[in-house]
Amino acid sequence: MILFLVGYMGSGKSVVGQQLSEILGYNYIDFDDYIERKENATIRTIFETKGEIYFRKAESSYLKDLSKLKETIVSLGGGTPCYGDNMQTLLNTKESVCVYLKASIPTLTKRLFNERAKRPLLAHIDSESMLSEFIGKHIFERAPFYEQSSLSIQTDDKSISEIVEAIVLKLF
C-alpha cells in the first residue's frame, strides 16, 4: 500500500507522515524534498527562477513516478492534488489510500504565520488577518480536491500521536 497525505500547508503532513512511517515500517518521502533533490534547487528557487507553471508540471511528472511505489508514505505539497490530473493520479494509483489532514483556518493561520519566510506562497503576507484571508480563499479553492480523499482526519487540537492513531485505526 502507498499512503498519500494531502492537505493545506501547515496541516501536519510531514510530521504525521514521518511518525506514521515509523509505526508502519514504511518508507517515507516528503514530496517537496523529493522535488528539490530531483531539480537540484529549493522550491523557492524553482518558483523564483522557473515559475509556478514549470513547478506544477515537474510536480505532476514526479508524482507519476512515485505512484509506482509500495509500502511508502508520501507527504504531498498543499497544492499538489489541485493541479493538472494529480488528484486522479492519486485516486487511480493501485493499492493507494489518500488521507486528507484537515485543519481549520484559525489553526493554519496560527501554525503558518511565523513560517511565512520559508513558504514561497506566503512570503508576501504581512499580517495574521491577511494570512487568514489568504488561507480561507485557498481552502475554498482546494477543498473540492482534498475532499475526494479516501479518509479525512480533523487535526485541530490533536497531537501528532493522536492523528497517527486515528489514521491507523481507519486503515486497519
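First things first, this report covers the structure right here in the doc.

Conventions adopted
- Residues numbered from 1 in each chain as written.
- Predicted model: local features only at pLDDT ≥ 70, side-chain atom pairs only at ≥ 80, totals over all residues.
- Heavy atoms only, no water.
- Salt bridge = Lys/Arg side-chain N within 4 Å of Asp/Glu carboxyl O.
- Helix = DSSP H or I, 4+ residues; strand = E, 2+ residues; numbered from the N terminus.
- Buried < 20%, exposed > 50% of the residue type's maximum accessible area, 1.4 Å probe, protein only.
- Pairing = 2+ DSSP bridges.
- Axes fitted to C-alpha atoms, helices over the stretch in contact; angles between N-to-C directions.
- Contact = heavy atoms within 4.5 Å.
- Lys, Arg positive; Asp, Glu negative; His and termini not counted.
- Phe/Tyr/Trp six-rings, centres within 6.5 Å; stacked < 30°, edge-to-face > 60°.
- Bend = angle between axes of the 7 residues up to and from the residue.
- Parallel < 35°, antiparallel > 145°, perpendicular 65-115°, else oblique.

## Considerations on the pattern of salt bridges
On inspection of all chains with the given rule, the structure shows seven salt bridges. The salt bridge partner of K64 is D85, with a shortest N-O separation of 3.1 Å. Within this pair, whereas K64 is found in helix 3 (residues 43–66), its partner D85 is found in the loop between strand 3 (72–75) and helix 4 (86–92), the two being separated by 21 residues in sequence. We classify K64 as partly exposed; its relative accessible area is 34%. Via salt bridges that share partners, E52, R56 and E59 belong to a single interconnected network.

## Comments concerning the sheet that holds strand 2 (residues 27–30)
Reading across the sheet, the five strands line up as 2-3-1-4-5 and stay open at both edges, with parallel pairing between neighbours. Of all strands in the sheet, those bounded by a partner on one side alone are strand 2 and strand 5 (151–154). Strand after strand, the sheet turns through a mean of 20 degrees between neighbouring axes, direction not considered. Pairing of strand 1 (residues 2–6) with strand 3, which is carried by four bridges, proceeds in the parallel orientation. Of the residues in strand 3, the one forming a bridge with L3 is I73. Across the sheet, helix 2 (residues 31–39) lies against strand 2 and strand 3, angled at about 70 degrees from strand 2, the strand it touches most.

## Some details on the side chain of K13
Tracing the backbone through its elements, the reader meets K13 in helix 1 (residues 13–24). The buried charged residue K13 lacks any salt bridge, with D32 as its nearest oppositely charged partner at 7.3 Å. Residue contacts for K13: discarding those within four places in its chain leaves L5, V6, G7, Y8, Y28, S75, L76, G77, G78 and L101.

## A closer look at the environment of K118
Within the secondary structure, K118 sits in the loop between helix 5 (105–112) and helix 6 (128–146). Spatially, the C-alpha atom of K118 lies 26 Å from that of T72, the residues being 46 residues apart in sequence.

## A look at the packing of aromatic side chains
Overall, the coordinates contain four aromatic pairs when judged by the stated rule. Here F31 and Y34 contribute two aromatic rings whose centre-to-centre distance is 6.3 Å and whose plane-to-plane angle is 20 degrees, an arrangement assigned as stacked. Of this pair, F31 and Y34 both sit in helix 2, separated by three residues, roughly a single helical turn. Overall, the relative accessible area of 13% leaves Y34 in the buried class. Measuring from ring centre to ring centre gives 6.0 Å for Y34 and Y62, while their planes differ by 85 degrees; the resulting arrangement is edge-to-face.

## A closer look at helix 6
For the α-helix, the turn length of 3.6 residues means that residues three or four positions removed from each other point alike. At F140, helix 6 shows its maximal bend, which comes to roughly 35 degrees, and the proline P144 appears one to four places after that position. Considered for burial, the residues of helix 6 that qualify are L131, F134, I135, G136, H138, I139, R142, A143 and Y146. In the core, the buried residues of helix 6 are packed alongside strand 1, helix 3, strand 4 (96–102) and helix 5.

## What about the packing of helix 2 against helix 3?
Interhelical geometry of helix 2 versus helix 3 gives an angle of 105 degrees and a closest axis separation of 10 Å. Between helix 2 and helix 3, the angle falls in the class roughly perpendicular. Every residue of helix 3 that contacts helix 2 at F31, D32, Y34, I35, E36, K38 and E39 is listed here: I43, I46, K50, Y54, F55, A58, E59, Y62, L63, D65 and L66.

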